[in-house]
Amino acid sequence: MSPPTPHMLPDADHLPVVLVLASGRGERFLASGGRTHKLQADLCGATVLQRTLDAVQASGLRWHLEDAGHPGMGDSIAAAVRATRDAAGGWMVLPADLPLVQPDTLVTIARAPMDGDVLVPWFEGQRGHPVRFVARCGEALASLQGNQGAAPAVSAHKAIKLVVNDAGCVLDIDTVDDLERARAAWRGTH
């Protein structure tokens, strides 16, 4: 888990840990003409992964980078949860290919009242990330496997929807065209 920093939120120990998932192979990106792994692609002067980590660090939340090779997203989530078992506030699952997610959005999701076990952000009718899970979902998350990600854990628990005003929650980098859209969005806001 990330070491404490001067920018850590004062209540970070009671809030969810952000699990940044960077274990995928990025095959769709390469198939679309990418010349490097999507997380290493340049996004206006920094890699996609670094832009995502910068947002997470700026949020002041505790975080964990899961970048060991795993067969599927479920395996990555399970490994990250097992590595952060002390997360009393639960977890927020954030794929590393969402470099435009806003730090304030991460804090909003982390502090949102929970009327269930799972919180899913939505932007303009699209389901986004990070998905937040309360601590009692830990066993279910730690036993995930395969490519379904956390879908089995989401469907097994009452999920609530949180509408956010952040396109970064849904703008992931799966193809070269996605990267170009992200570059245009980055230039439009920075």
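Residues numbered from 1 in each chain as written. Predicted model: local features only at pLDDT ≥ 70, side-chain atom pairs only at ≥ 80, totals over all residues. Heavy atoms only, no water.

## Concerning the overall build of the protein
Alright, step 1. Helix and strand counts for the protein come out as 7 helices and 7 strands.
Alright, step 2. Taken from N to C terminus, the helices and strands of the protein fall in the order β-α-α-β-α-β-α-β-β-β-α-α-β-α.
Alright, step 3. Relative to a compact globule of 190 residues, whose C-alpha radius of gyration would be 16 Å, the protein shows 15 Å and is just as compact.
Alright, step 4. Dimensions along the principal axes, computed over C-alpha positions, put the protein at roughly 40 × 35 × 35 Å.
Alright, step 5. Taken over 190 residues, the protein has a buried fraction of 54%.
Alright, step 6. Sequence-distant contacts in the protein: of pairs separated by 6 or more residues, those separated by 24 or more amount to 73%.
Alright, step 7. Within the structure as shown, the protein displays about 9000 Å² of accessible surface, and the carbon and sulfur contribution to it stands at 51%. (Helix = DSSP H or I, 4+ residues; strand = E, 2+ residues; numbered from the N terminus. Rg over C-alpha atoms; globule rule 2.2 N^0.38 Å. Buried < 20%, exposed > 50% of the residue type's maximum accessible area, 1.4 Å probe, protein only. Contact = heavy atoms within 4.5 Å. Areas by Shrake-Rupley, 256 points an atom, 1.4 Å probe, with all protein chains shown as cover.)

## Thoughts on unusual backbone geometry
Alright, step 1. A cis amide bond links H129 to the next residue, P130, at an omega of 5°.
Alright, step 2. Secondary-structure assignment places P130 in the loop between β5 (126-127) and β6 (131-133).
Alright, step 3. A positive phi is found at C44, a non-glycine position, where the angle reads about 55°.
Alright, step 4. Structurally, C44 can be placed in the loop between α1 (27-31) and α2 (48-59).
Alright, step 5. Under the relative-accessibility criterion, C44 is labelled partly exposed at 25%.
Alright, step 6. Of note in this structure, E124 is not a glycine but carries a positive phi near 45°.
Alright, step 7. Note on placement: E124 falls in the loop between β4 (118-123) and β5.
Alright, step 8. By relative accessible area, which is 69% here, E124 ends up exposed.

## Observations regarding α2
Alright, step 1. Between the first and last C-alpha of α2 there are 17 Å, a value that for 12 residues agrees with the 16 Å anticipated at 1.5 Å per step.
Alright, step 2. Of the residues making up α2, those classed as buried are V48, L49, R51, T52, L53, A55, V56 and S59.
Alright, step 3. Its buried side turned inward, α2 meets β1 (17-21), β2 (63-66), β3 (91-95), α4 (103-111) and α7 (176-189).
Alright, step 4. Immediately downstream of α2, the backbone of G60 shows phi near 80°, a positive value. (Expected span 1.5 Å × (residues − 1).)

## Some words on the environment of N165
Alright, step 1. In this structure, N165 sits in the loop between β7 (159-163) and α7.
Alright, step 2. Since its relative accessible area comes to 76%, N165 is described here as exposed.
Alright, step 3. The sequence separation of N165 and E124 amounts to 41 residues, and the corresponding C-alpha distance is 8.1 Å.

## Regarding the pattern of salt bridges
Side chains that differ in charge, positive against negative, can pair when their charged atoms come close.
Alright, step 1. A complete count under the given rule lists 10 salt bridges for this structure.
Alright, step 2. Between E27 and R25 there is a salt bridge, with the nearest N and O atoms lying 2.9 Å from each other.
Alright, step 3. Linked through salt bridges whose partners overlap, the residues forming this network are R28, K38, D97 and D174. (Salt bridge = Lys/Arg side-chain N within 4 Å of Asp/Glu carboxyl O.)

## Section: the side chain of R183
Alright, step 1. For R183, the location among the structural elements is in helix α7.
Alright, step 2. Here D42 takes part through its backbone oxygen, which lies 2.7 Å from a polar atom of the side chain of R183.
Alright, step 3. Contact partners of R183, with chain neighbours within four places excluded, come to D42, L43 and C44. (Polar contact = N/O pair within 3.5 Å; in protein donor to acceptor, adjacent residues only side chain to side chain.)

## Some words on the nonpolar core
Alright, step 1. Of all hydrophobic cores here, the largest spans 40 residues; its most connected members are V18 and L61.
Alright, step 2. Elements with a minimum of two residues in this core: β1, α2, β3, α4, β4 and α7.
Alright, step 3. Tallying contributions element by element places α2 first for this core, with 5 residues.
Alright, step 4. Among the nonpolar cores identified, the runner-up in size contains 22 residues, and V120, F133, V134 and A150 belong to it. (Core = buried A, V, L, I, M, F, W, Y, C linked by side-chain atoms within 4.5 Å.)

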